[in-house]
Amino acid sequence: RHHVILGNLRPNKTTSSTGEINSYRIPKGGWFDFVSCPHYLAEIMIYFMLAVLIQIQTDTAMVQDEESGILYQIHAHKHFFVLVWVSTNLSISAEKTHAWYISSFGKTYPRRKRLIPFLW
């Protein structure tokens, strides 16, 4: 839904002689009323749910081994490392996107959080 909101911001797609789109607009509606990057938040939530589901499947399928070395633990929980990587990457992108919105629109940009509603 939020990608549709972003896609509909420039329905006419007017371009300049250099081929650049002439105007930027502030996205409104859906989670955009609360955060600058709701599509990033949705992606993080998807990875979180995948990590939880994989962990549940791993816990039920894995026989409790005596092996508890660090490499074994990393392998058994690698999906959470992916979640941390994706969350970190999208958090940095959300910070930069939010800063761009503020520098581009100044005081006309609504007061929103970057990625997490009411927090950050």
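Residues numbered from 1 in each chain as written. Predicted model: local features only at pLDDT ≥ 70, side-chain atom pairs only at ≥ 80, totals over all residues. Heavy atoms only, no water.

Q: Explain the overall build of the protein residue by residue, including any values.
A: In terms of regular secondary structure, the protein is built from 4 helices and 0 strands. Secondary structure elements of the protein, listed N to C terminal, follow the sequence α-α-α-α. Within the protein, the proportion of its 120 residues that are buried is 25%. Counting only contacts in the protein whose residues sit at least 6 apart along the sequence, the fraction spanning at least 24 positions is 63%. Here the protein displays about 8800 Å² of accessible surface, and carbon together with sulfur accounts for 62% of that area. (Helix = DSSP H or I, 4+ residues; strand = E, 2+ residues; numbered from the N terminus. Buried < 20%, exposed > 50% of the residue type's maximum accessible area, 1.4 Å probe, protein only. Contact = heavy atoms within 4.5 Å. Areas by Shrake-Rupley, 256 points an atom, 1.4 Å probe, with all protein chains shown as cover.)

Q: I'd like a rundown of the pattern of salt bridges, residues and numbers included.
A: Opposite charge on two side chains allows them to pair when their charged atoms are near. Following the criterion strictly, the structure yields 1 salt bridge and no others. A salt bridge links Arg114 to Glu95, with the shortest nitrogen-to-oxygen separation between them at 2.5 Å. Placement of Arg114 in the segment after helix H4 (78–105) and of Glu95 in helix H4 is noted, with a sequence separation of 19 residues between them. Relative accessible area serves as the criterion here: at 31%, Glu95 is assigned to the partly exposed category. (Salt bridge = Lys/Arg side-chain N within 4 Å of Asp/Glu carboxyl O.)

Q: Explain a nonpolar patch on the surface to me, and be specific about the residues and the numbers.
A: Residues Trp31, Phe34, Met45, Ile116, Phe118, Leu119 and Trp120 make up a contiguous nonpolar surface patch of roughly 740 Å² in combined accessible area. By secondary structure assignment, the location of Trp120 is in the segment after H4. (Patch = residues over 30% accessible without salt bridge, like charges linked within 9 Å, V, L, I, M, F, W, Y side chains within 5 Å.)

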